[in-house]
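Breakdown of the fold
Chain residues, written in single-letter form:
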Amino acid sequence: MKASVIQQILKQYGKAEQKGAELHISAGMEAHLIVAVGSEAITVQKVISFEIHDEYIVAATFKGEKFFFGHEDVTGLKLERIDEKKSDRGAGVGAR
């Protein structure tokens with residue numbers, strides 16, 4: 001998937017905000033990145049920000065994990081609205 005397509009999807013449907021090279025998904029949304037690995041596909045879940053570079057993409061999860069993939073390996077994005085009260089992303093009292 002082209003970098004420009006990824007950016008357009010994230011901004012238009014994920015309500016992502018651009019901060020420098022990073023695109024941060026809006027608070028009420030959750031992103032999942034679908035990536036081809038050989039003949040298989042994997043899903044990187046609960047991505048909160050993306051960095052789109054010339055040759056690769058960086059997907060950062062709410063756990064602080066960073067995944068690096070070539071644009072050509074990205075086959076899809078899944079965006080969904082989440083209930084903030086049920087989300088385990090929060091940093092409030094009792095969050096782990």
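To start, this report covers the structure provided alongside it. Every value quoted in this text rests on a predicted model; they were computed, and no experiment measured them.

Here the focus is the overall build of the protein. Along the protein, the regular secondary structure elements total one helix and seven strands. If you list the helices and strands of the protein from N to C, you get α-β-β-β-β-β-β-β. Here the protein, with 96 residues, has 33% of them falling under the buried criterion. Taking the intrachain contacts of the protein between residues at least 6 apart in sequence as the baseline, contacts between residues at least 24 apart amount to 48%. For the protein, the accessible surface area stands at approximately 6200 Å², while carbon and sulfur atoms represent 50% of it.

Right, let's talk about the pairing of strand β3 (residues 29-37) for a bit. Across seven bridges, the pairing between β3 and strand β7 (residues 74-81) is antiparallel. The residue bridging M29 from the neighbouring strand is R81, located in β7. As defined by bridge partners, β3 adjoins strand β4 (residues 40-52) across six bridges and the pair is classed as antiparallel. Paired with L33 across the two strands is V44, which belongs to β4. Here β3 folds back onto β4 in antiparallel fashion, the turn holding two residues, of which G38 has a positive phi close to 65 degrees.

The biggest cluster of nonpolar side chains holds 19 residues, and the ones touching the most others in it are I6, L10, I25, L33, F50, I52 and I57. Contributions of two or more residues to this core are made by α1 (3-12), β3, β4, β5 (56-61) and β7. Not counting residues within four places of it along the chain, the set of residues in contact with F50 comprises L10, A21, E22, L23, I25, A31, L33, I57, V58, A59 and L77.

The backbone phi angle of K15 is positive, close to 50 degrees, even though this residue is not glycine. Structurally, K15 is set in the loop between α1 and β1 (17-19).

What counts and how
Residues numbered from 1 in each chain as written. Predicted model: local features only at pLDDT ≥ 70, side-chain atom pairs only at ≥ 80, totals over all residues. Heavy atoms only, no water. Helix = DSSP H or I, 4+ residues; strand = E, 2+ residues; numbered from the N terminus. Buried < 20%, exposed > 50% of the residue type's maximum accessible area, 1.4 Å probe, protein only. Contact = heavy atoms within 4.5 Å. Areas by Shrake-Rupley, 256 points an atom, 1.4 Å probe, with all protein chains shown as cover. Pairing = 2+ DSSP bridges. Core = buried A, V, L, I, M, F, W, Y, C linked by side-chain atoms within 4.5 Å.

So far we have only geometry, and geometry alone does not tell us how the molecule works.
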